[in-house]
Amino acid sequence: MAEKITKRGVNYSEWYNDLVLQSGLAEYAAVRGCMVIKPYGWAIWENMKTVLDAKFKETGHVNASFPLLIPKSFLEQEEGHAEGFAKECAVVTHYRLKTDPDKKGKLKVDEESRLEEELIIRPTSETIIWNCYKGWIQSYRDLPILINQWANVMRWEMRTRLFLRTAEFHWQEGHTAHATSEEAVEETVKMLHVYADFMENYMAVPVIKGVKTANERFAGAIETYCVEGLMQDGKALQCGTSHFLGQNFAKAFDVKFLNREGKQEFAWATSWGVSTRMMGALIMAHSDDDGLVIPPRLAPLHVVIVPIYKTPEQLAAISAIADNLMRELKALQITVKYDDSDQSKPGWKFAEYELRGVPVRIAIGGRDVENGTVEIARRDTKEKSTVKNEQLGLYIKQLLEDIQQNLYNRALQFRENNTHAVDTWDEFKTRIEQGGFVSAHWDGSSETEEKIKEETKATIRCIPLDAVQESGTCVFSGKPSSQRVLFARAY
RNA sequence: CGGGGCGUAGUUCAGCCCGGUUAGAAUGCCUGGUUUGGGACCAGGAGGCCGCUGGUUCGAAUCCAGCCGCCCCGACCA
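Residues numbered from 1 in each chain as written. Chains lettered and ligands numbered in written order. Predicted model: local features only at pLDDT ≥ 70, side-chain atom pairs only at ≥ 80, totals over all residues. Heavy atoms only, no water.

Draft legend 1. Examining the layout of surface pockets more closely. Taken as a whole, the largest pocket holds about 1600 Å³ of empty space. Lining of the largest pocket is provided by 47 residues; of these, Glu 88, Arg 155, Glu 157, Gln 238 and Arg 277 occupy positions nearest its centre. For the lining of the largest pocket, a count of residues per class yields 14 nonpolar, 15 polar and 18 charged. Split by domain, the lining of the largest pocket shows at least three residues from each of two domains, domain 1 (12–69 + 122–286) and domain 3 (419–488). Estimated volume of the second largest pocket: approximately 430 Å³. Around the second largest pocket sit 20 residues that line it, and Ile 208, Pro 464, Asp 466, Ala 467 and Leu 486 are the ones nearest its centre. Elements with a contribution of two residues or more to the lining of the second largest pocket: β11 (208–211), α12 (392–417), β22 (419–421), β23 (437–441) and β26 (480–488). (1 Å grid on protein atoms, 1.4 Å probe; cavity = no way out; pocket = protein on both sides within 12 Å on 5 of 7 lines; lining within 4 Å. Points joined across faces, edges and corners; volume = space filled by probe spheres on them. Nonpolar A, V, L, I, M, F, W, Y, C, P; charged D, E, K, R; others polar. Domains from an automatic or database assignment. Helix = DSSP H or I, 4+ residues; strand = E, 2+ residues; numbered from the N terminus.)

If you want it as structure tokens, here you go:
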């Protein structure tokens with residue numbers, strides 16, 4: 001099937017598109033801006049979900065499901081939120097079609113079925129959920145509420161890109177309610193760390209944890225925390241966000257509770273989410289000109305075994321070896337596929353599994369049967385080695401861990417090589433042009449932030465949580481600053 | 001919403017400028033055979049409302065008008 005992927009060096013975004021389409025992760029849907037996530041892509045997303053879902057539950061959260069449709073009036077309740085999302089909402093205005101009397105076989109909207117109040121296809125669920133919470137919260141004893149929802153949402157984006165920005169996307173959204181501000185902030189930060197841990201230890205993508213500036217903050221939030229990753233083309237990608245919403249939504253939906261002192265108080269809120277956009281991060285962080293490179297901990301398939309044979313007898317001998325090996329690997333929770341299909345030659349299979357990013361390939365041929373060996377090839381480095389066919393299970397298990405670690409180290413090294421502290425405006429412009437993170441002093445004003453964006457297309461990705469306090473002067477305005485912030489061009 | 005591109009076989013595309021037999025190629029698919037240590041080869045076969053609607057013409061994939069759709073680049077966003 002797949003042929004010629006555009007080289008990264010030639011055109012990075014074409015490379016990305018080719019890769020997504022040809023590796024079978026997804027394809028364009030018949031609907032503008034929407035994508036079909038194919039079984040292989042969905043399998044990776046399912047692995048992400050499984051890990052995250054377990055982490056959410058370990059931290060005390062439970063899952064629930066809220067409606068896809070939100071009454072328009074709900075969205076109006078919280079002013080900042082409404083402004084932020086109004087421009088990109090799909091609106092349901094009617095509930096019925098009828099056959100068109102003028103055009104045979106065609107349907108038209110039945111004007112008599114107009115809804116009294118329009119419904120919005122959820123771009124995010126704060127409003128419908130806080131409307132529910134009003135009924136669920138009367139006392140501090142009802143708090144905290146720690147709920148997560150796995151769902152699809154819709155934002156009518158002007159411009160879309162596979163996984164990175166589609167009109168419909170899948171995500172999880174946590175929505176919690178707390179009795180105190182401190183507790184809500186603690187929750188916000190806790191979930192940020194859950195995300196960072198996931199990105200680094202499963203996706204093998206190192207991330208910077210930080211807070212957004214006012215400009216970049218979520219619509220309706222008091223504070224937005226984020227994890228930012230760096231892609232191979234030097235652009236930053238926001239991988240996840242966790243918001244401290246203060247009492248904004250409680251006030252908007254009149255969610256009050258009686259505290260210990262018997263006084264009415266508005267509840268404190270957080271929301272946090274990661275989406276199928278992480279698929280984009282996964283792809284862009286590790287893959288190469290030959291195809292995907294998937295970290296073992298998220299790979300739907302860890303090992304593929306390819307037989308190389310000339311005669312049925314040879315195939316039988318190879319299959320016997322493969323059977324044993326598969327049993328051993330499966331016992332170690334390693335997923336393995338034996339591709340003895342005679343539809344394609346070994347070379348074709350090699351290329352195909354490389355394209356799909358399977359971490360380890362084992363080839364067994366006539367030579368190997370004679371010598372009691374197998375050939376093992378790792379996807380991350382493309383290294384091949386011939387090893388004795390003994391104790392292979394543990395060897396492969398270790399190899400998968402090495403690959404996982406190597407991918408992380410490689411990505412971290414890349415980020416470090418592409419993160420620079422600068423102190424002058426000229427240096428800033430040069431560095432931004434070259435890509436990567438630029439650490440610089442900023443005077444803290446939105447005006448300066450806007451001007452820098454206009455001139456360089458760079459935005460403040462975040463104010464890192466671990467930023468050291470040091471006095472300096474803003475790289476643009478020369479005004480005093482107490483810490484460096486992280487700039488980059490971003491997706 | 002601005003700029004650009006594209007719509008012809010499952011897929012990628014040629015043909016269109018300059019209208020004229022039965023609309024082509026590659027690849028994929030089906031049948032049979034030979035192959036198999038880095039995307040094999042031979043032979044045969046199936047597969048098309050040429051995006052839609054209308055117009056010009058003896059005749060339209062090709063010219064004209066309108067419409068629809070998608071992709072890419074910008075502004076906006078997870």
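Draft legend 2. Molecular detail of a nonpolar patch on the surface. On the surface, Leu 97, Leu 107 and Val 109 cluster together to form a nonpolar patch covering roughly 280 Å² of accessible area. A relative accessible area of 57% places Leu 107 in the exposed class. (Patch = residues over 30% accessible without salt bridge, like charges linked within 9 Å, V, L, I, M, F, W, Y side chains within 5 Å. Areas by Shrake-Rupley, 256 points an atom, 1.4 Å probe, with all protein chains shown as cover. Salt bridge = Lys/Arg side-chain N within 4 Å of Asp/Glu carboxyl O. Buried < 20%, exposed > 50% of the residue type's maximum accessible area, 1.4 Å probe, protein only.)

Draft legend 3. Spotlight on helix α2 (residues 39–58). Helix length check: α2, at 20 residues, gives a terminal C-alpha distance of 28 Å against a target of 28 Å (1.5 Å per residue), a fit within 8%. Along α2, the positions that sit buried rather than exposed are Tyr 40, Gly 41, Ala 43, Ile 44, Trp 45, Met 48, Val 51, Leu 52, Asp 53, Lys 55 and Phe 56. Note on α2: the residue one or two positions beyond its end, Gly 60, has a positive phi of about 90°. (Expected span 1.5 Å × (residues − 1).)

Draft legend 4. Inspection of empty space enclosed by the protein at higher detail. Evaluated as defined, the whole model comprises one cavity of 30 Å³ or more. In this structure, the largest cavity occupies an estimated 40 Å³ of space. Every residue lining the largest cavity is listed: Leu 25, Ile 44, Leu 282, Ile 283, Ser 287, Leu 292, Val 293 and Ile 294. Taken together, the residues that form the lining of the largest cavity break down as seven nonpolar, one polar and no charged.

Draft legend 5. Region of interest: the protein's contact with RNA strand B. Around RNA strand B, the structure places 39 residues, and the nearest of them are Arg 32, Arg 159, Thr 166, Gln 238 and Arg 277. For RNA strand B, the fraction of protein-proximal atoms (within 4 Å) that sit in sugar or phosphate groups is 41%. Separating a phosphate oxygen of RNA strand B from a side-chain N or O atom of Tyr 28 is a distance of 3.2 Å. The contact in question runs from a base nitrogen of RNA strand B to an N or O atom on the side chain of Lys 384, over 2.7 Å. Secondary structure elements with two or more residues in the surface near RNA strand B: α1 (12–22), α10 (346–355), β19 (360–365) and α11 (366–371). (Near = heavy atom within 4 Å. Polar contact = N/O pair within 3.5 Å; in protein donor to acceptor, adjacent residues only side chain to side chain.)

Draft legend 6. Fine view of a negative patch on the surface. A cluster of acidic residues, Glu 447, Glu 450, Glu 454 and Glu 455, forms a negative patch on the protein surface. Among the structural elements, Glu 450 can be located in helix α14 (residues 446–456). With a relative accessible area of 36%, Glu 450 lands in the partly exposed category. (Lys, Arg positive; Asp, Glu negative; His and termini not counted. Charge placed at Lys NZ, Arg CZ, Asp CG, Glu CD.)

Draft legend 7. A look at the nonpolar core. In terms of nonpolar packing, the biggest core is built from 72 residues, with Met 48, Phe 163, Met 203, Phe 428 and Phe 487 touching the most fellow members. Not counting residues within four places of it along the chain, the set of residues in contact with Phe 163 comprises Tyr 16, Val 20, Leu 25, Ala 26, Met 35, Ile 37, Thr 276, Arg 277, Met 279, Gly 280 and Ile 283. Membership of the second largest hydrophobic core comes to 29 residues, among which are Ala 219, Ala 221, Leu 245 and Ala 252. (Core = buried A, V, L, I, M, F, W, Y, C linked by side-chain atoms within 4.5 Å. Contact = heavy atoms within 4.5 Å.)

Draft legend 8. Representation of the side chain of Asp 53 within the structure. Tracing the chain through its elements places Asp 53 in helix α2. Of the polar contacts made by the side chain of Asp 53, one reaches the side chain of Trp 150; its length is 2.7 Å. Filtering out sequence-adjacent residues up to four positions away, Asp 53 remains in contact with Asn 63, Asn 148 and Trp 150.

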